[in-house]
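# Tertiary structure, described
Chain residues, written in single-letter form:
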Amino acid sequence: MIDGFIVFEDVTYFETDCVKDFDADEILEVVLISKNQSSERAKIVTDGVNIIIIEAGNVDWYPL
């Protein structure tokens, strides 16, 4: 496990199938699924197999 946080700036798209709140400890995977000149799209998968997709102008990871 790697401790850190993700910052999404200029979010233009958000999609989730989550039916409940989740804790950061439940995140299994974060994957950058596309990137172009104007935006990046990341997919977050939780241990409840919930999927969150966020498209933003910039996505940065900061380790703790």
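You'll find the structure just up there.
First, a word on what this report is: a plain description of the structure on this page. (Residues numbered from 1 in each chain as written. Predicted model: local features only at pLDDT ≥ 70, side-chain atom pairs only at ≥ 80, totals over all residues. Heavy atoms only, no water.)

## Structural notes on the packing of aromatic side chains
Here is the rule: For Phe, Tyr and Trp, rings pair up if their centres lie within 6.5 Å, where Trp contributes its six-membered ring, and each pair is then called stacked (planes under 30 degrees apart), edge-to-face (over 60) or tilted (otherwise). Note on conventions: DSSP H or I runs of at least 4 residues are helices, E runs of at least 2 residues are strands, and numbering of each starts at the N terminus. A 1.4 Å probe rolled over the protein chains alone gives each residue an accessible area, and that area as a share of the maximum for its type sets the label: buried under 20%, exposed over 50%, partly exposed in between.
For the structure on display, the rule yields one aromatic pair. Between the aromatic rings of Phe-5 and Tyr-62, the centroid separation amounts to 5.3 Å while the plane-to-plane angle is 25°, which identifies the pairing as stacked. Residue Phe-5 is found in strand 1 (residues 4-16), and its partner Tyr-62 is found in strand 4 (residues 51-63); the two are separated by 57 residues along the sequence. The exposure class of Tyr-62 is partly exposed, given its relative accessible area of 37%.

## A look at the pairing of strand 2 (residues 27-35)
Successive side chains on a regular strand alternate, one facing one side of the sheet and the next facing the other. Let me state the cut-off plainly: Strands are labelled as partners when DSSP assigns at least two bridges between them.
The pairing of strand 2 with strand 3 (residues 40-46) spans seven bridges and is antiparallel. For Ser-34, the partnering residue across the bridge sits in strand 3 and is Arg-41. Count of turn residues in the strand 2/strand 3 antiparallel hairpin: four residues.

## Considering the pattern of salt bridges
Which entries qualify depends on this criterion: Criterion for a salt bridge: a side-chain nitrogen of Lys or Arg within 4 Å of a carboxyl oxygen of Asp or Glu.
Counted according to the given criterion, the structure contains one salt bridge. A salt bridge links Glu-55 to Arg-41; the shortest N-O distance between them is 2.7 Å. Linking Glu-55 in strand 4 with Arg-41 in strand 3, this pair joins segments that are 14 residues apart in sequence. Under the relative-accessibility criterion, Glu-55 is labelled buried at 18%. According to the relative accessible area criterion, Arg-41 is partly exposed, its value standing at 22%.

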